[in-house]
Structures are given as C-alpha cells and as structure tokens.
Amino acid sequence: DMGQALELPEPEDGDPMNALENWCAGFVDVFLEHEDAWLEVNEKETADLLVPMLTLSGLFEDEDFQKVRNDEKLASQMSDAIPDSLTDLYLLFHAPD
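Residues numbered from 1 in each chain as written. Predicted model: local features only at pLDDT ≥ 70, side-chain atom pairs only at ≥ 80, totals over all residues. Heavy atoms only, no water.

Chemist: Lay out the pattern of salt bridges with the relevant residues and their values.
Modeler: Under the counting rule described, the total for this entry stands at two salt bridges. The shortest N-O distance in the salt bridge between Glu63 and Lys67 comes to 3.4 Å. Pair noted here: Glu63 and Lys67 are both in helix α4 (residues 63–70), with a separation of four residues, about one helical turn. Using a relative accessible area of 52% as the deciding quantity, one classes Glu63 as exposed. (Salt bridge = Lys/Arg side-chain N within 4 Å of Asp/Glu carboxyl O. Helix = DSSP H or I, 4+ residues; strand = E, 2+ residues; numbered from the N terminus. Buried < 20%, exposed > 50% of the residue type's maximum accessible area, 1.4 Å probe, protein only.)

Printed below as a string of structure tokens:
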C-alpha cells in the first residue's frame, strides 16, 4: 500500500529455508481456515498467487511440490516470488481492477 517491497521475516535459527517454511506454513494455515472467502473473489488468480506459499510450506506431500522443495534453484525462485505474490494478492482483494 505504501509502494515498498515486502520483506519476509529474518530467520532466528540461521536457516533461511526453515524460517521461510515456517512462515509459509502459518500463511497457508490462515488461508485454509478461510479458503472459501479467499477463493470467491477470483479463484484461478488467487490459486496461482498462492503457489509459492503452498509449495514451500511443506504441508503437502504432492510430488510436484516436493520436487520444487528438493531443487535448490526452483525453491529459491519460489521464495523470490513470494513478495510479489503477496502484493498481488493484496491488490486483488483491496484494489480490484
């Protein structure tokens, strides 16, 4: 809302992927509690924007998610996509077209 890029929390244990997985898991937990409300605005776009968080949360045993998490380059790309995905989610819900 202020035109600044989002920053993810810094790891407390020195392991950035562990911190990111914990943050994503918390985010996905909140999403799942209110899934119907999240998906009623624009289900396809919302689902697409949630992919990085869903993938890196470690909550799903989906083979494709596991492949991405096990590939350092792909996991890094997903991680890098999170701030833009969060910004786009915010805009989707608070500033639709």
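Chemist: Just give me the short version of the packing of aromatic side chains, but keep the residues and values in it.
Modeler: The final tally for this structure, using the stated rule, is five aromatic pairs. Here Trp23 and Phe27 contribute two aromatic rings whose centre-to-centre distance is 5.3 Å and whose plane-to-plane angle is 20 degrees, an arrangement assigned as stacked. Remark: Phe27 and Trp23 occur in helix α1 (residues 16–33); sequence separation between them is four residues, near one turn of the helix. Taking relative accessible area as the criterion, Phe27 reaches 17% and is therefore assigned buried. Summarising the aromatic geometry, the rings of Phe27 and Trp38 are spaced 5.7 Å apart at their centres and angled 80 degrees between planes, so their arrangement reads as edge-to-face. One end of the pair, Phe27, is in helix α1; the other, Trp38, is in helix α2 (residues 35–41), and 11 residues separate them in sequence. Trp38 matches Phe27 in its accessibility class, with the two residues each being buried. (Phe/Tyr/Trp six-rings, centres within 6.5 Å; stacked < 30°, edge-to-face > 60°.)

Chemist: A description of the side chain of Ser85 should follow, citing residues and the corresponding values.
Modeler: Locating Ser85 in the fold gives a position in helix α5 (residues 72–94). On the accessibility criterion, Ser85 (8% relative accessible area) is buried. Ser85 has contacts with Leu49, Pro52 and Met53, leaving out every residue within four places of it along the chain. (Contact = heavy atoms within 4.5 Å.)

Chemist: Before we move on, could you go through the side chain of Ser57 and cite the residues and values that matter?
Modeler: Locating Ser57 in the fold gives a position in the loop between α3 (43–56) and α4. At 2.9 Å, the side chain of Ser57 forms a polar contact with the backbone oxygen of Leu54. Apart from residues lying up to four places away in sequence, Ser57 is in contact with Glu21, Cys24, Ala25 and Val28. (Polar contact = N/O pair within 3.5 Å; in protein donor to acceptor, adjacent residues only side chain to side chain.)

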